[in-house]
Amino acid sequence: MEELLNIKNLVVRFYTYEGVVKAIEGVNLFLRKGETLGLVGETGCGKSVTSLSILALVPPPGRIEDGEIFFKRKDGKRVNLLELNEEDLMHIRGNEISMVFQEPGAALNPLYTVGEQIAEAIILHRREELCRRILEEIDEEMRKADTSPIKMLFLRFEKWAYTKMLKNTRTLSLKIVSKIPLLNLYLRRLKKHAKNEAVKMLKDMRIADPERIANMYPHELSGGMKQRAVIAMALACNPVLLIADEPTTNLDVTVQAQILNLIRELKEKFDTTILYITHDLGVIAEMCDRVAVMYAGVICEIADVNRIFEKPLHPYTKALLECIPRPGKKFKSIKGEVPNLINPPPGCRFHPRCPRAMEICSKVEPKMVEVEKNHFVACHLYRGEPS
């Protein structure tokens, strides 16, 4: 499979009053087109910061200090996302790369209906498609024999406006017309088409009575319905990459299963590549093709999902798997605490909690090596063949 995204040596710092938080330290990661890559680790390990870095949306006082993020766009061009200006990034966010956040209520504006918010994303990124469709509709209406002269005049004006919009949405004449209430009526057709597309997206989310839900405000919806609406907004423009940041965290188990099944179905329908972020290894086993294990801002291990569960190599990965409750077995937890990233441990960041730590672990940072085919690990225990 071709490579869609490649993160190289990503470094992210947060400049706080207490000190500089070394949140992401030289992360290297890649996604192949059509796969689902799981990014798993404890809370605070840097999973969400990594995903926000892909969209260049790291919140202040955070700053991307170093690294490259190469992305293959829909037109086949390969670009470094960290070198693009804000205008170019706006064409990529939501259109080619979308994100589903773990708190759907925070991603929805309480002042607008769900349908209006999905339609806004469609108008922003699919305006050309809608304009072509509307122009065909106008031509069809103009060909009707019973069209009155007044209506014909208005249709000609609409055709002029949408032709202008198709060529350049920022043209001065269109901006002037949009400020005049009577002449601005032509926008109703654009909004109507976008609203219809929003209803179709809600229907794809397996929502009963999508027309009614489209006219509801976020506070009128349950957590599961809000999450479906957010997923609909993320997929409205058929992005090539969907980042799902723990989308089922605050949902009950039944709804979680429904959302996971929905994401799996939509991946096949829209041919979307997914970066799935979670701390739940059960979800990883269910959803992902490959897994990247993250600890304290660094990647520990990357492998196919079956290989991670059958033969984990890194001590942290083994410890995570041992934390899964099993019938008849004593529950185990990882000893120690997650390190303070203002003053992270030298060498391997996991060594203070590692049961197999050696002297070198506290002095030298381990490099990522391919121990087996497509199985990478950053640990001093492996310098070629696994022990």
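Relevant structure appears above.
Computed from a predicted model, the values in this text were never measured in an experiment. (Residues numbered from 1 in each chain as written. Predicted model: local features only at pLDDT ≥ 70, side-chain atom pairs only at ≥ 80, totals over all residues. Heavy atoms only, no water.)

Peer 1: How should helix α8 (residues 187–204) be read in this particular structure?
Peer 2: Structurally, the α-helix is built with 3.6 residues per turn, so residues lying three or four positions apart point the same way. The end-to-end C-alpha distance of α8 is 26 Å, a good match for the 26 Å that 18 residues give at a rise of 1.5 Å each. Among the residues making up α8, those that are buried are L187, R189, L190, H193, A194, E197, A198, V199, M201, L202 and D204. Taken together, the buried residues of α8 touch α4 (114–125), α5 (127–142), α6 (149–167), α9 (210–214), α10 (223–235) and α11 (253–270). One or two steps after α8, the chain reaches R206, where phi turns positive at roughly 65 degrees. (Helix = DSSP H or I, 4+ residues; strand = E, 2+ residues; numbered from the N terminus. Expected span 1.5 Å × (residues − 1). Buried < 20%, exposed > 50% of the residue type's maximum accessible area, 1.4 Å probe, protein only. Contact = heavy atoms within 4.5 Å.)

Peer 1: What should I look at first to understand the nonpolar core in this one?
Peer 2: The tendency in soluble globular proteins is for nonpolar side chains to be buried side by side. Formed by 107 residues in total, the largest nonpolar core has its most connected members in L5, L29, F71, L81, I97, M205 and Y276. If we skip the residues at most four places from it in the chain, L5 touches L29, F30, L31, I54, I69, F70, F71, L81 and L241. (Core = buried A, V, L, I, M, F, W, Y, C linked by side-chain atoms within 4.5 Å.)

Peer 1: How should the sheet that holds strand β3 (residues 36–40) be read in this particular structure?
Peer 2: In a beta sheet, neighbouring strands pair by backbone hydrogen bonds and run either parallel or antiparallel. Strand order in the open sheet made by the eight strands is β6-β7-β8-β3-β9-β10-β12-β11, with mixed pairing throughout. Looking at which strands have only one partner, the edges of the open sheet turn out to be β6 (97–100) and β11 (369–372). The mean angle between the axes of side-by-side strands here comes to 20 degrees, regardless of whether they run parallel or antiparallel. For β3 and strand β8 (residues 273–278), the ladder comprises five bridges, and the chain directions are parallel. Across the sheet, residue L39 finds its bridge partner in β8, namely I277. Packing of α10 onto the sheet brings it into contact with β6 and β7 (241–245), and relative to β6 it is tilted by some 175 degrees. (Pairing = 2+ DSSP bridges. Axes fitted to C-alpha atoms, helices over the stretch in contact; angles between N-to-C directions.)

Peer 1: Which parts of the structure should I look at to understand the packing of aromatic side chains?
Peer 2: One pair of aromatic rings is described through two measures. These are the centre distance and the angle between the planes. One pass over the structure, following the stated rule, counts three aromatic pairs. An angle of 55 degrees between the planes, with centres 4.7 Å apart, marks the rings of Y295 and Y316 as tilted. A residue pair is termed long-range when its members are at least 10 positions apart, and Y295 in strand β9 (residues 290–295) and Y316 in helix α14 (residues 315–322) qualify at 21 residues. Exposure class is identical for Y295 and Y316. Each is buried. With a centroid separation of 5.2 Å and 65 degrees between ring planes, the pair formed by Y316 and F350 is classed as edge-to-face. Residue Y316 is found in helix α14, and its partner F350 is found in the loop between α14 and β11; the two are separated by 34 residues along the sequence. Accessibility assignment for this pair places Y316 and F350 in one class, buried. A connected cluster of aromatic rings, assembled from ring pairs, spans Y295, Y316 and F350. Here the guanidinium or amino end of R78 rests over the ring plane of F70, the centre of that ring lying 4.4 Å away. We note R290 situated over the ring of F30; from NZ or CZ to the ring centre the distance is 4.4 Å. (Phe/Tyr/Trp six-rings, centres within 6.5 Å; stacked < 30°, edge-to-face > 60°. Lys NZ or Arg CZ within 6 Å of the ring centre and 35° of its normal.)

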